[in-house]
Amino acid sequence: QGMQKSGKTRLALTARKPIGYIAVEIGGDEGVVDQFIPAGADSFDGIQIAKIRMDNPVYPNRDDFKSDKDFNEAVSEAVQTSAAPAIDAFYDAYYTSLANMATTIVDTGSDLWELLRLSNFGRLEKIPQLAYGQLNKSMDKLIDDAFSSRGSVLYLHHLKEKWENYVDEKTGKERGRASGVFDTAGYGGMKKKVQATIELWREDLQEPDADTAMMVKFFGQIIDSRHSAY
């Protein structure tokens, strides 16, 4: 997990080959995969790429509906109709990779979670918590099936800033604000099931690094691991 351009994809692609790379995030693979093509070659069979894309929904005409409720339901249905083929394509790529590749990479799990929500609910917000039950089971099955496969599976994730509630001293009312604390964006049960969570970040430099001559340094830390409780 990490912020944008922190090296998540680059590090993941150093995993054992052949790799099934499933690009759910648009542009996440751009320029990075090229670094792994052997010199003098135009392509590399060691990394097989599947790009998952959701078509733009065909939205209904508001004038065709008497109430906002009916219109909103039609909008949700249109979004679900567009998201469903993308989810089907993901499942095909995922299970093909699990069966045939040494490593499967999902880039990113955060975008996959959004796509699953759109295919199930047609929206990302104002979803009752109880409605997440079946969706959570779908994600858990993806992870459980990864454990049953012979290869390794890497889920890349963005970080998002948490919000906290506080009482406004002037009004006495409770409000929300950014907390300055970041956590995994996506399925909340992911970190409870995986074997290890690794967080990456970058530091932009004022002068080139003495060892790499680059204007940036990359860092990584194991946040949690089932291999060692400490």
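Look a little higher up for the structure.
Right, let's walk through the structure included here. (Residues numbered from 1 in each chain as written. Predicted model: local features only at pLDDT ≥ 70, side-chain atom pairs only at ≥ 80, totals over all residues. Heavy atoms only, no water.)

## Things to note about helix α4 (residues 133–148)
Piece 1. Counted at 1.5 Å a residue, the expected span for α4 with its 16 residues is 22 Å, and the 23 Å between its end C-alpha atoms agrees.
Piece 2. Of all the positions in α4, only Leu135, Met139, Leu142, Ile143, Asp145 and Ala146 are classed as buried. Across the axial projection of α4, the buried residues extend over an arc of 160°, all falling on one side. Turned more than 90 degrees away from the buried face of α4, the exposed residues are Gln134, Lys137 and Ser148.
Piece 3. Against the buried residues of α4 lie α2 (68–100), α3 (109–121), β4 (152–156) and α5 (190–193). (Helix = DSSP H or I, 4+ residues; strand = E, 2+ residues; numbered from the N terminus. Expected span 1.5 Å × (residues − 1). Buried < 20%, exposed > 50% of the residue type's maximum accessible area, 1.4 Å probe, protein only. Arc of directions from axis to C-beta. Contact = heavy atoms within 4.5 Å.)

## Quick notes on the environment of Asp145
Piece 1. Tracing the backbone through its elements, the reader meets Asp145 in helix α4.
Piece 2. Separated by 50 residues in sequence, Asp145 and Tyr95 place their C-alpha atoms 8.7 Å apart.
Piece 3. Beyond its immediate stretch of four places on either side in the chain, Asp145 contacts Tyr95 and Leu98.
Piece 4. In terms of polar contacts, Asp145 uses its side chain to reach the side chain of Lys141, at 2.7 Å. (Polar contact = N/O pair within 3.5 Å; in protein donor to acceptor, adjacent residues only side chain to side chain.)

## Let's talk about the pattern of salt bridges
Piece 1. Evaluated as defined, the whole model comprises ten salt bridges.
Piece 2. Ionic pairing is found between Lys162 and Asp183, a salt bridge with its closest N-O pair at 3.8 Å. Placement of the pair is Lys162 in strand β5 (residues 159–167) and Asp183 in strand β6 (residues 174–184), with a sequence separation of 21 residues.
Piece 3. Given a relative accessible area of 40%, Lys162 falls into the partly exposed group.
Piece 4. Asp183 gets classed as partly exposed once you look at its relative accessible area, which sits at 23%.
Piece 5. Close ionic contact of Glu164 with Arg177 constitutes a salt bridge, the shortest N to O distance being 2.9 Å. With Glu164 in strand β5 and Arg177 in strand β6, this pair connects stretches of sequence that are 13 residues apart.
Piece 6. Relative accessible area serves as the criterion here: at 38%, Arg177 is assigned to the partly exposed category.
Piece 7. Beyond isolated ion pairs, a larger network of salt bridges with shared partners links Lys162, Asp183 and Lys191. (Salt bridge = Lys/Arg side-chain N within 4 Å of Asp/Glu carboxyl O.)

## With respect to the packing of aromatic side chains
Piece 1. Tallying each qualifying case throughout the model produces ten aromatic pairs.
Piece 2. With a centroid separation of 6.1 Å and an interplanar angle of 65°, the aromatic rings of Phe90 and Tyr91 are classed as edge-to-face.
Piece 3. Since its relative accessible area comes to 1%, Phe90 is described here as buried.
Piece 4. The interplanar angle of 40° and the centroid separation of 5.1 Å between the aromatic rings of Trp113 and Tyr187 together place this pair among those described as tilted. Here Tyr187 lies in the loop between β6 and α5 and Trp113 lies in helix α3, a separation of 74 residues in the sequence.
Piece 5. Judged by its relative accessible area of 8%, Trp113 is buried.
Piece 6. One aromatic cluster is present, formed by Phe90, Tyr91, Tyr94, Tyr95 and Tyr155 through successive ring pairs. (Phe/Tyr/Trp six-rings, centres within 6.5 Å; stacked < 30°, edge-to-face > 60°.)

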